[in-house]
Amino acid sequence: GAVVSQHPSRVICKSGTSVKIECRSLDFQATTMFWYRQFPKQSLMLMATSNEGSKATYEQGVEKDKFLINHASLTLSTLTVTSAHPEDSSFYICSARDTSSYNEQFFGPGTRLTVL
Amino acid sequence: QKEVEQDPGPLSVPEGAIVSLNCTYSNSAFQYFMWYRQYSRKGPELLMYTYSSGNKEDGRFTAQVDKSSKYISLFIRDSQPSDSATYLCAMSETGGGADGLTFGKGTHLIIQP
């Protein structure tokens, strides 16, 4: 199957700083990528849909100015958590849509963000 | 009422048993149904993908969808300790991976050797 990577896998930062998370499709091109957030013992919750070359679409309740998404190429989408606070601590997972594989979504391994 | 309900478990069964995992949902527009397996601190891995109602079998795994009852199931036959993981159901209104998915909380499954 197709491979999606995320970097970093784990990050700890101080409150008020910004953190960038990268999502890459390694062996396929992804016009669409998705960002999810998963709190402990909770579902993966869709945050936003990222389309290459256009603005991201955010789910209701997700602040677009706080969670900046850039999908500058067909293999890379980035999520920047701006002015992070402890309540932003979570597991962030991206998925990428492979149009050559029945449009299946492949998930990255996730990034665990801890804000002190 | 949440869109997708899934018992978080844990569900513990002996090796070799048949495992039944279930989800219920409220959105009648969901047409595509998926089961993912997630190991601790890893991303979800797709196990089964079905469209509309019916059954689908793949090796030891069988997925069932009953849209009239808004109920989906995943059966695992001859369960193995390596099947121990969290199983997530997911759904979408459109196929083709065009939309983000709506997930259940996941059921933590433990297969005892």
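Our structure's up above, just so we're on the same page.
Right, let's walk through the structure included here. (Residues numbered from 1 in each chain as written. Chains lettered and ligands numbered in written order. Predicted model: local features only at pLDDT ≥ 70, side-chain atom pairs only at ≥ 80, totals over all residues. Heavy atoms only, no water.)

Brief notes about the overall build of chain B
Secondary structure assignment for chain B yields zero helices and 11 strands. Projected onto its principal axes, the C-alpha positions of chain B cover 40 × 30 × 25 Å. The 113 residues of chain B split such that 42% are buried. Looking at chain B alone, contacts between residues at least 24 apart form 56% of all its contacts between residues at least 6 apart. Accessible surface computed for chain B: about 5,200 Å², of which carbon and sulfur atoms make up 47%. On chain B, the mean spot of the 10 positive side-chain charges and the mean spot of the 12 negative ones are 4 Å from each other. (Helix = DSSP H or I, 4+ residues; strand = E, 2+ residues; numbered from the N terminus. Buried < 20%, exposed > 50% of the residue type's maximum accessible area, 1.4 Å probe, protein only. Contact = heavy atoms within 4.5 Å. Areas by Shrake-Rupley, 256 points an atom, 1.4 Å probe, with all protein chains shown as cover. Lys, Arg positive; Asp, Glu negative; His and termini not counted. Charge placed at Lys NZ, Arg CZ, Asp CG, Glu CD.)

Looking at the sheet that holds strand E3 (residues 19-25) of chain A
Residue and element names in this part refer to chain A. Pairing in this open sheet of four strands is antiparallel, and the strands run E1-E3-E8-E7 from one edge to the other. Of all the strands in the sheet, just strand E1 (4-7) and strand E7 (67-73) have a single pairing partner and so form its edges. Along the sheet, successive strands turn relative to each other by an average axial angle of 15 degrees, direction set aside. Pairing between E3 and strand E8 (residues 76-81): six bridges, direction antiparallel. Residue pairing for E8: Cys23 is matched across the bridge by Ser77. (Pairing = 2+ DSSP bridges. Axes fitted to C-alpha atoms, helices over the stretch in contact; angles between N-to-C directions.)

What to know about the nonpolar core
Across soluble globular proteins, you tend to see nonpolar side chains buried next to one another. Core analysis: the largest hydrophobic core is formed by 26 residues, its most contacted members being A:Val4, A:Phe28, A:Trp35, A:Phe67, A:Leu79, A:Tyr92 and A:Leu113. Going through the elements one at a time, strand E2 (10-13), E3, strand E4 (32-38), strand E5 (44-51), E7, E8, strand E9 (90-98) and strand E11 (111-115) of chain A are the ones with two or more residues in this core. Ranked by size, the runner-up nonpolar core spans 23 residues in total, among them B:Val4, B:Cys23, B:Ile76 and B:Met91. (Core = buried A, V, L, I, M, F, W, Y, C linked by side-chain atoms within 4.5 Å.)

Notes on the interface of chain A and chain B
Contacts between chain A and chain B engage 20 residues on the former and 18 residues on the latter. In this assembly, chain A packs against chain B so that about 1,500 Å² is buried in total across both faces, 52% of it on carbon and sulfur atoms. Taken together, chain A and chain B are joined by six residue pairs in polar contact (both at pLDDT 80 or more). When contributions to the side of chain A that touches chain B are tallied by element, the ones reaching two or more residues are E4, E5, E9 and strand E10 (104-107) of chain A. Grouping the amino acids of the side of chain A that touches chain B by side-chain chemistry returns nine nonpolar, six polar and five charged. (Buried area = accessible area lost by both parts, 1.4 Å probe. Polar contact = N/O pair within 3.5 Å; in protein donor to acceptor, adjacent residues only side chain to side chain. Nonpolar A, V, L, I, M, F, W, Y, C, P; charged D, E, K, R; others polar.)

Some remarks on the sheet that holds strand E6 (residues 54-58) of chain B
Note on sheets: strands pair through backbone hydrogen bonds, and any given pair is parallel or antiparallel. Residues and elements named next belong to chain B. Overall, antiparallel pairing links the five strands, which are arranged E1-E3-E8-E7-E6 in an open sheet. Single-partner strands in this sheet number two, and they are strand E1 (4-5) and E6. For E6 and strand E7 (residues 61-66), the ladder comprises five bridges, and the chain directions are antiparallel. Residue pairing across strands places Lys56 opposite Ala63, the latter belonging to E7.

Brief notes about the pattern of salt bridges
This model, assessed by the stated rule, comprises five salt bridges over all chains. Between A:Glu22 and A:Arg24 there is a salt bridge; the shortest N-O distance is 3.5 Å. Between B:Arg37 and B:Glu45 there is a salt bridge whose closest N-O contact spans 3.2 Å. Under the relative-accessibility criterion, B:Glu45 is labelled partly exposed at 37%. (Salt bridge = Lys/Arg side-chain N within 4 Å of Asp/Glu carboxyl O.)

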